[in-house]
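Coordinate analysis (summary)
Residue-level listing of the chains:
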Amino acid sequence: MKVYTEKQQIVAAIDKFKAENKILGLVPTMGALHEGHLALVQKALENNDYVVVSIFVNPTQFDNKEDLVKYPRNLERDLELLKTLDENKILVYAPTVDDIYCGKTESEKFNFDGLEFEMEGKFRPGHFDGVGTIVKRFFDIIKPDNAYFGEKDFQQLQIIKKLVEKYHIPVNIIPCPIHREESGLAMSSRNTRLKPEYLEAAPFIYNTLNSAKVHFGTKSADIVTQWVESQFESHDLLKLEYFIIADTTTLKTVKHKTNNKEYRAFIAVYADDIRLIDNIALN
Ligand code: PAF
C-alpha cells in the first residue's frame, strides 16, 4: 500500500493505471477511520482494480473552528486499519492543506439547486461549498470511475450527485448504507470524542428515529416531528438541533404525505459539544 502526500506523485501513478485501462475507485475520507469507512473501501475493492482512499481533514467545510481543531486525526492507525484489507490494491492520498489549496484555503461557491439550503445547510453555513470544493478537486486529481459515499451524510450524498450532474463529471456515485454500533449509534469519527456518559446516551438518537418511523406509518409528519421534539425536551444529556421529515429527492420538509414519494427522517443532536447526525428511510 503506497501513501502519497503530493498531487503530482499520485497523478503519475493514476496515469499509469489509466493507460492500462484499470478501473479506479475513490473513497474520500477525513481519516479517523472506523468500520463504516472500511466497509466503503471493501465494497470499492470488490468493484475496482485499484482504490484510492483519500485522508484529508478539509478545513473549508468546517463552519466551526473548534470542531476543525478537535477533529480526530490518526494517520498511523488509519494506515494500519487499511492494511487489514487487500492493501496491494489500495493507494492512500493524504495531502497537506497546501497540496490541495496552494496557499488559498477557500471554497468555490456552488448552486446545488436548493439542496444546500436545507438541514445541514441551515445550521452549518458554507459547509456544502467546502464539501463541493474538495470533492470536485479529488475527482479532478484522481479521475475515479466510481466514488463511494456513506448514507449517514445523506444530504452530502445528494449534493455530490448534483455536483456530478451539473459539472458533467464522468464518475458513478455509489451510496453505501449506514454502519451502526451494536447499540444502534451510527458510526462516526466524532464518536471517539464522546465521554462515556454521552456514548451511553447516544443510541437514544437511533431508537427515536426507529420509533418515528413506526409513528409515520399512521401519523402526519408534523405530529411525528412534535413527538420527537418532546422526547428530546425531557432528555438530560442530548440536545436536539433539528428533526425533519423530508422528501428523499428534494430534501424539502414534508407538508403532506403522498403515496408515490419516498421520505426520510433526518436528525442532528448535540451530545455535549459534539454534533451527531443520523437519518432513516421511512418507506
Ligand atoms: O464525508 C466526509 O468525510 C467528508 O465530507 C468528505 C466527503 C471526505 C469531504 O471532505
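Look up a bit, the structure's there.
This write-up is about the structure you can find in this document. Throughout, residues of each chain are indexed from 1 in the direction in which the sequence is written. At least 70 in pLDDT is required for a residue's local features to be given in this predicted model, at least 80 for side-chain atom pairs to be given and counted, and no such filter applies to totals for whole chains, interfaces and linings, which use all residues. Calculated side-chain values reflect all of the structure's heavy atoms, with hydrogen atoms and water omitted.

**Quick notes on the overall build of the chain**
Numbering of helices and strands starts at the N terminus; helices are DSSP runs of H or I of at least 4 residues and strands are runs of E of at least 2. Looking only at helices and strands, the chain features eleven helices and nine strands. Viewed in the frame of its principal axes, the chain has a C-alpha envelope of about 55 × 40 × 35 Å. A sequence separation of at least 24 residues applies to 73% of the contacts in the chain between residues at least 6 apart. Counted charges follow a simple rule, with Lys and Arg positive, Asp and Glu negative, and His plus the chain ends left uncounted. Where a charge sits is defined by one atom per residue type, namely NZ (Lys), CZ (Arg), CG (Asp) or CD (Glu). The centroid of the 36 positive side-chain charges in the chain is displaced by 3 Å from the centroid of its 42 negative side-chain charges. We call two residues in contact when some of their heavy atoms are within 4.5 Å.

**Looking at the packing of helix 10 (residues 203-216) against helix 11 (residues 221-233)**
To describe two helices that pack against each other, one gives the angle between their axes and the distance between the axes. Viewed as axis vectors pointing N to C, helix 10 and helix 11 meet at an angle of 155°, and their least axial separation amounts to 10 Å. Comparing the axis directions of helix 10 and helix 11 gives the class roughly antiparallel. Crossing of helix 10 over helix 11 shows right-handed handedness. In contact with F204, I205, T208, S211, A212, H215 and F216 of helix 10, helix 11 contributes A221, V224, W227, V228, Q231 and F232. Three residue categories are used. Nonpolar comprises Ala, Val, Leu, Ile, Met, Phe, Trp, Tyr, Cys and Pro, charged comprises Asp, Glu, Lys and Arg, and polar comprises the others, including Gly. A class-by-class count of the residues in the contact of helix 10 with helix 11 yields nine nonpolar, four polar and no charged. Angles run from 0 to 180 degrees between N-to-C directions of axes, and those axes are lines fitted to C-alpha atoms, restricted for helices to the stretch in contact. Small angles under 35 degrees read as roughly parallel and large ones over 145 as roughly antiparallel, with 65 to 115 read as roughly perpendicular and the rest as oblique. Throughout, a crossing is termed right-handed when the near helix is turned clockwise from the far one, and left-handed when it is turned anticlockwise from it by less than a right angle.

**Details of the sheet that holds strand 8 (residues 263-271)**
Strand pairing follows a simple DSSP-based rule, namely that at least 2 bridges must link the two strands. As summarised here, the arrangement of the three strands in space is 7-8-9, forming an open sheet in which the pairing is antiparallel. One side of each edge strand has no neighbouring strand; the edge strands of this open sheet are strand 7 (238-247) and strand 9 (274-281). Each neighbouring strand pair of the sheet contributes to a mean axis angle of 15°, computed without reference to strand direction. In terms of strand pairing, strand 7 meets strand 8 through nine bridges, oriented antiparallel. What sits directly across from K239, in strand 8, is Y270.

**Points about the pairing of strand 5 (residues 146-150)**
Regular strands show a simple pattern: their side chains alternate between the two faces of the sheet. Under the scheme applied here, a residue whose accessible area is under 20% of the maximum for its type counts as buried, over 50% as exposed, and between as partly exposed, the area being computed with a 1.4 Å probe on protein chains only. Within strand 5, four of the five residues are buried, leaving the element largely enclosed by the surrounding structure. Across two bridges, the pairing between strand 2 (residues 24-29) and strand 5 is parallel. Residue pairing across strands places G25 opposite N146, the latter belonging to strand 5. Across five bridges, strand 5 lies against strand 6 (residues 172-176) in parallel orientation. Looking across to strand 6, one finds that Y148 is bridged to I174. If the strands point away from the viewer and the path from the first strand over the helix to the second runs clockwise, then the crossover is right-handed. Considered for its hand, the β-α-β crossover made up of strand 5, helix 8 (residues 154-166) and strand 6 is right-handed.

**What about the nonpolar core?**
As used in this record, nonpolar core signifies buried Ala, Val, Leu, Ile, Met, Phe, Trp, Tyr and Cys residues forming a set joined through side-chain atoms within 4.5 Å. Counting residues in each nonpolar core, the largest one holds 43 residues, and the members touching the most others are Y93, F139, I142 and I173. By residue number, the principal contributor to this core is helix 7 (residues 127-142), which donates eight residues. In contact with I173, not counting residues within four places along its chain, are F139, A147, F149, L157, I160, K161 and V164.

**What to know about the side chain of Q155**
Tracing the sequence through the fold places Q155 in helix 8. Residue Q155 is classed as buried on the basis of its relative accessible area of 3%. Counted as a polar contact is a pair of N or O atoms within 3.5 Å, where, for protein atoms, one must be capable of donating a hydrogen and the other of accepting one, and residues adjacent in sequence contribute only when both atoms are in side chains. In terms of polar contacts, Q155 uses its side chain to reach the backbone carbonyl oxygen of E118, at 2.9 Å. Once residues lying within four places of it in the same chain are set aside, the contact partners of Q155 are L115, E118, M119, E120, G121, F128 and L251.

**Describing the packing of aromatic side chains**
When we look at a pair of aromatic rings, we describe it by the centre distance and by the angle of the planes. Paired rings are identified among Phe, Tyr and Trp, the last through its six-membered ring, by centres lying within 6.5 Å, and are further divided according to the angle between planes into stacked (under 30 degrees), edge-to-face (over 60) and tilted (the rest). For the coordinates displayed, the defined rule picks out eleven aromatic pairs. Ring plane angle 55° and centroid distance 5.8 Å describe the contact between F154 and F266, whose orientation is recorded as tilted. On the criterion of sequence distance, the pair formed by F154 in helix 8 and F266 in strand 8 is long-range, its members being 112 residues apart. Accessibility expressed as a relative area gives 5% for F266, which makes it buried. These aromatic residues form a ring-pair network of at least three members: F56, Y93, Y101 and F138. In our convention, an over-ring charge means Lys NZ or Arg CZ found within 6 Å of a ring centre and within 35 degrees of that ring's normal. Here the guanidinium or amino end of K136 rests over the ring plane of Y167, the centre of that ring lying 4.8 Å away. Over the ring of Y206 we find R180, and its NZ or CZ is 3.5 Å from the ring centre.

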